[in-house]
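Results of the structural survey
Letter by letter, the chains look like this.
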Amino acid sequence: MKSNAVLAIHGGAGTILRASMAPEVETRYLDALSGILAAGQRILAEGGGALDAVEEAVRLLEDCPLFNAGHGAVFTSAGTHELDASIMDGRTLEAGAVCCVKRVRNPVLAARRVLEKSEHVLFTGAGAEAFAAAQGLEFVDPGYFHTDARYRQWQLARGEARAMLDHDGATLEAKAAANASADSLPHEPIDPNRKYGTVGAVALDAHGHLAAATSTGGITNKQVGRVGDAPLIGAGCYADDATCAVSTTGSGEMFMRMVAAYDVAAQMKYRGVSLSEAATNVVMEQLPRIDGRGGLIAVDAQGNVVLPFNTEGMYRGYARVGEAPVASIYA
Ligand code: ASP
């Protein structure tokens, strides 16, 4: 029997810097996405669960410095890192999330432990770290999250006295670099100064179950204590076997106000529309009503995958079991 099992991932959406981008940098992003897709795909091919596949894909995205989650996360206004993550099991509607953690190496692993080992759904700050420590998760020195590229973006954002999406930060950085020296910075395909840099994964496994996970450093120069959509079930992450699994990236405040991830599932459930129609409506019609920018990835129980975004680009890809991973950046 042919399996519909499929994994999709994203690494943020935003404004594209195609003109100024070196082909080898683009290749680096596509290779990272494809490698992570292949790793998650292996779990599904071996009959593993969707929850395991999304957790592993997001863990790898957190460890990859190219993306704004875990190592490579953006800086707060205080020059620190505060990380948010969530995960949801479409089979049981169980969910777990953490926000404002500063020393947990992989926030998505902490979210998974909350899902499995706690009667609660969301832990914040010191309490989240105490929970993660009690679960034996790996802690790192805060310096582990530092990358020079994000540091430069933070300096630029501070200069402009604003908070910005990770990929939007890269645009500013590229502009500054173009003005300074042509070879000083490797430009990202998507302008880091005009980019939402959350990472996420959604999957359907061979047993017909759905899962979603989302992880982020938030937005560059965000105020300390600010929390976006990524760790909020229904806003940045949602999964229900009866409808779909969704992970978002974008201007978190608008995704929260639109309850964006759940709106995709709700439209399928109550309007009876397809995954594609529901996701397109949320990204292209609902979010723009309040100037919400970004995108999402989603999969339904039949294995349909959609990756809509209302920005110029989104780091994204999907991998069906038995087929080569497909990764892309531009519209
Ligand atoms: N949605 C994230 C947040 O608001 C940002 C992002 O997607 O980069 O924290």
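Right, let's walk through the structure included here.

How each quantity is defined
- Each residue is numbered by its place in its chain's sequence as written, counting from 1.
- Reporting of local features is limited, given that this is a predicted model, to residues whose pLDDT is at least 70; pairs of side-chain atoms are given and counted only at 80 or more, and all residues count toward the totals for whole chains, interfaces and linings.
- Heavy atoms throughout the structure, all of them, feed into the side-chain values; hydrogens and water do not.
- Near residues are defined by distance, with any heavy atom within 4 Å of the molecule or strand qualifying the residue.
- Whenever two N or O atoms come within 3.5 Å, that pair is a polar contact, provided that in protein one can donate a hydrogen and the other can accept it, and provided that, for residues adjacent in sequence, both atoms are side-chain atoms.
- Accessibility throughout is a Shrake-Rupley quantity obtained with a 1.4 Å probe, and a residue counts as covered only by protein chains that appear here.
- Side-chain classes follow a simple rule in which Ala, Val, Leu, Ile, Met, Phe, Trp, Tyr, Cys and Pro form the nonpolar group, Asp, Glu, Lys and Arg form the charged group, and the remainder, Gly included, forms the polar group.
- Only buried residues count toward a nonpolar core, which is a set of Ala, Val, Leu, Ile, Met, Phe, Trp, Tyr and Cys residues joined through side-chain atoms within 4.5 Å.
- Exposed residues in this analysis have more than 50% of their type's maximum accessible area, buried residues have under 20%, and partly exposed residues fall in between, with area computed by a 1.4 Å probe over protein chains only.
- Put simply, DSSP H or I for four residues or longer makes a helix, DSSP E for two residues or longer makes a strand, and each gets a number counted from the N terminus.
- Within the patch definition used here, like charges are joined within 9 Å and nonpolar side chains (Val, Leu, Ile, Met, Phe, Trp, Tyr) within 5 Å, considering only residues with over 30% relative accessible area and no salt bridge.
- Whenever Lys or Arg places a side-chain nitrogen within 4 Å of a carboxyl oxygen from Asp or Glu, that contact is recorded as a salt bridge.
- We call two residues contacting when some pair of their heavy atoms lies within 4.5 Å.
- Pairing between strands is defined by DSSP: at least two bridges between the two strands are required.
- Lines are fitted to the C-alpha atoms to define the axes, a helix being fitted only along its stretch in contact, and any angle between axes, read from their N-to-C directions, falls within 0 to 180 degrees.
- Between the first and last residue of a helix there are one fewer steps than residues, each counted as 1.5 Å, and that sum is the expected span.

A separate point is the site of the ligand. All residues adjacent to the ligand are Y196, G197, T198, T216, G218, I219, R226, G228, D229, T249, G250 and G252. Within the backbone of G252, a nitrogen or oxygen atom sits 3.1 Å from an oxygen atom of the ligand. Calculation on the ligand without its partners gives an accessible area of 270 Å², and the protein chains cover 100% of this total. Among the residues making up the shell around the ligand, the classes are represented as two nonpolar, eight polar and two charged.

Let us look at the nonpolar core. Counting 38 residues, the largest nonpolar core has V264 and L296 as the members making the most contacts within it. Top contributing element to this core by residue count: helix 9 (residues 275-289), with six residues. If you look at the next biggest cluster of nonpolar residues, it comprises 36 residues, including A57, F67, V199 and Y315.

Another point: a nonpolar patch on the surface. Together, V121, L122 and I233 make up a nonpolar patch on the protein surface, roughly 210 Å² of accessible area in all. Within the secondary structure, L122 is located in strand 4 (residues 122-124).

Note that V199 resides in strand 6 (residues 199-204). Judged by relative accessible area, V199 falls into the buried class, the value being 0%. The spatial distance from the C-alpha of V199 to the C-alpha of V58 is 6.8 Å, given a sequence separation of 141 residues. Filtering out sequence-adjacent residues up to four positions away, V199 remains in contact with H10, G11, V58, L61, F67, A69, A213, T214, S215 and S247.

This next bit is on the sheet that holds strand 11 (residues 305-306). Paired through their backbone hydrogen bonds, the strands of a sheet run either parallel or antiparallel. Taken in spatial order, the four strands of this open sheet run 8-9-10-11, and their pairing is antiparallel. At either margin of the open sheet sits one strand with a lone partner, and together these are strand 8 (237-239) and strand 11. Sitting on the sheet, helix 8 (residues 260-271) touches strand 8, strand 9 (244-250) and strand 10 (294-300), and the angle it makes with strand 9 is about 145°. Packing of helix 9 onto the sheet brings it into contact with strand 9, strand 10 and strand 11, and relative to strand 10 it is tilted by some 165°.

On to helix 8. Its 12 residues place the ends of helix 8 15 Å apart at the C-alpha level, agreeing with the 16 Å of an ideal helix rising 1.5 Å per residue. Turning to helix 8, its buried residues number three or more, namely A260, A261, D263, V264, A265, A266, Q267 and M268. In this structure, the buried side of helix 8 is in contact with strand 8, strand 9, helix 7 (252-257), helix 9 and strand 10. Among the residues trailing helix 8, G272 stands out with phi positive, at a value near 70°.

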